[in-house]
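What follows is the residue order along each chain.
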Amino acid sequence: MSEQSTDLRETVRRRYAAAAVKVTEGGAACCGPQPVEVDENFGSTLYAADERDALPAEAVAASLGCGNPTAVAELREGERVLDLGSGGGIDVLLSARRVGPTGKAYGVDMTDEMLALALANAEKAGATNVEFLKGTIESIPLPANTVDVVISNCVINLSVDKPAVFAETFRVLKPGGRIGVSDVVADDSLTPEQRAERGDYVGCIAGALSFAEYRRGLEAAGFMDVEITPTHPVADGMHSAVVRAVKPTSATEANGSSAAAACCGVSACCTSGEQAADPTATVAEAKAASGCGCQSRR
C-alpha cells in the first residue's frame, strides 16, 4: 500500500473513531447520545421510524450512512449476512432481526472504538445472532463461501483499494450469494478531480467511483446482474445509490458473465489458461504469491 493510501486509511480511521467516542460519551450523559453531525443526505433519518425505535439510541446516533441497505438486500429468515464497515452496528442489528434466530449477522470494522460501541449496542439490543470482527474490508476475516448476503452503507467509497473489496466480497459469498449495498456514486462525466472538488475523502465524496467504474469493478471481480440505481443526490453530480449484484452459482455462469473473474477476483491476476491455486486466498495473498498464486488449468 502506498504512503498516500496508508495516510488516507488512517484519516478515515481517526474520523470514525472520533464519531464513536462522541456517541459513547454522549450516552453516558444525562440527555443521552446525540447524533453525529452529518449532512442531511446521510445518517439515521434514512431509516424508518419503527426501525430506529427498535434499536439502542447509541446505534442510531452513530449512523453515518447514505442509505438503508437492509431494506434493499431482501434478507430472508435463516440467511447469513455480512456488513462491510459495520460502525456502531445499526445495519448488523437490523439484519439480525430480519434473518431471525436461525440466521446470523456479521459486521467487520477496522476501528476499535466503533467495535466497542457495536458490541455494547448488541448487548443492549439482546441480539445473540450477531458477531463483530476486527479487520479491513480489503481483507475480510472470514473463510470463503461463508455468507449469503453482503451489505454495506456508504463505506466502499472510503476504501483505498476497491478492487480488493470487490474481490473479497466475491470470495466470502456463497455461490448464488448477492450484495445489496448503499454507496455514493458519481456521474460518469465527472473526473476524480471534479469529485474531489465536491467534498473530501472522509466525507464519502472524493473517493466515490463513477457508475461505469463501479460496474466494471464488480464485473471484474466476477459478479453478474449488476444494477446501480441512484436514490437521492448528495452533491452536484454525486448520488446515493443502491448497488445490487449476484455471485454466479456455477463456473459456467461465471465464464458467461466475466472471463476476467476466472482467477483471484482481479482482472490482472491469471492468464486465460490459468486458475487460482488456492481459491480461498485473499487478493492481497494472491498478489503476494509467486506468479499471483496461479496454476495451469487441467
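Since the structure is predicted, the reported quantities are computational estimates derived from the model, not experimental observations. (Residues numbered from 1 in each chain as written. Predicted model: local features only at pLDDT ≥ 70, side-chain atom pairs only at ≥ 80, totals over all residues. Heavy atoms only, no water.)

A. Structural context of the pairing of strand S2 (residues 104-109). Counting buried positions along S2 yields five of six residues, so the element is predominantly enclosed. The pairing of strand S1 (residues 80-84) with S2 spans five bridges and is parallel. Within the sheet, the bridge partner assigned to Leu84 lies in S2 and is Val108. Handedness of the S1-helix H5 (residues 90-99)-S2 crossover: right-handed. Across five bridges, S2 lies against strand S3 (residues 130-134) in parallel orientation. The residue bridging Val108 from the neighbouring strand is Leu133, located in S3. (Buried < 20%, exposed > 50% of the residue type's maximum accessible area, 1.4 Å probe, protein only. Helix = DSSP H or I, 4+ residues; strand = E, 2+ residues; numbered from the N terminus. Pairing = 2+ DSSP bridges. Right-handed = clockwise from strand over helix to strand, strands pointing away.)

B. Broad picture of the packing of aromatic side chains. Throughout the structure, instances matching the rule amount to two aromatic pairs. Look at Phe166 and Tyr214: their rings are 5.4 Å apart centre to centre, the planes differ by 45°, and that puts the pair in the tilted class. Highlighted residues: Phe166 in helix H7 (residues 162-172) and Tyr214 in helix H9 (residues 211-221), separated in sequence by 48 residues. The interplanar angle of 90° and the centroid separation of 5.2 Å between the aromatic rings of Phe170 and Phe223 together place this pair among those described as edge-to-face. Residue Phe170 is found in helix H7, and its partner Phe223 is found in the loop between H9 and strand S7 (224-235); the two are separated by 53 residues along the sequence. (Phe/Tyr/Trp six-rings, centres within 6.5 Å; stacked < 30°, edge-to-face > 60°.)

C. Just the pattern of salt bridges, in detail. Across all of its chains, the model carries nine salt bridges by this definition. Salt-bridge contacts for Glu79 lead to Arg178; the nearest nitrogen and oxygen are separated by 2.9 Å. Of the two residues, Glu79 sits in the loop between helix H4 (69-72) and S1 while Arg178 sits in strand S5 (residues 173-186), which places them 99 residues apart along the sequence. For Lys174, the salt bridge is made with Asp148, and the minimal N-O distance between the two is 3.6 Å. Residue Lys174 is located in strand S5, and its partner Asp148 is located in strand S4 (residues 147-153); the two are separated by 26 residues in the primary sequence. Looking at Lys174, the relative accessible area reads 29%, which means it is partly exposed. Overall, the relative accessible area of 19% leaves Asp148 in the buried class. (Salt bridge = Lys/Arg side-chain N within 4 Å of Asp/Glu carboxyl O.)

D. Quick peek at the pairing of S1. Across the five residues of S1, four count as buried, placing the element largely inside the fold. Pairing between S1 and S4: four bridges, direction parallel. Residue pairing across strands places Asp83 opposite Ile151, the latter belonging to S4.

E. Spotlight on the nonpolar core. In terms of nonpolar packing, the biggest core is built from 31 residues, with Leu82, Ile179, Tyr214, Leu218 and Phe223 touching the most fellow members. Counting residues per element, the ones that place at least two in this core are S1, S2, S4, H7, S5, H9, S7 and strand S8 (238-246). Among all residues touching Leu82, those that are not within four sequence positions of it are Tyr106, Gly107, Val108, Ile140, Leu142, Val147, Val149, Val150, Ile151 and Val172. In terms of nonpolar packing, the next biggest core, distinct from the first, is built from 15 residues, Ala73, Val92, Leu93 and Ala122 among them. (Core = buried A, V, L, I, M, F, W, Y, C linked by side-chain atoms within 4.5 Å. Contact = heavy atoms within 4.5 Å.)

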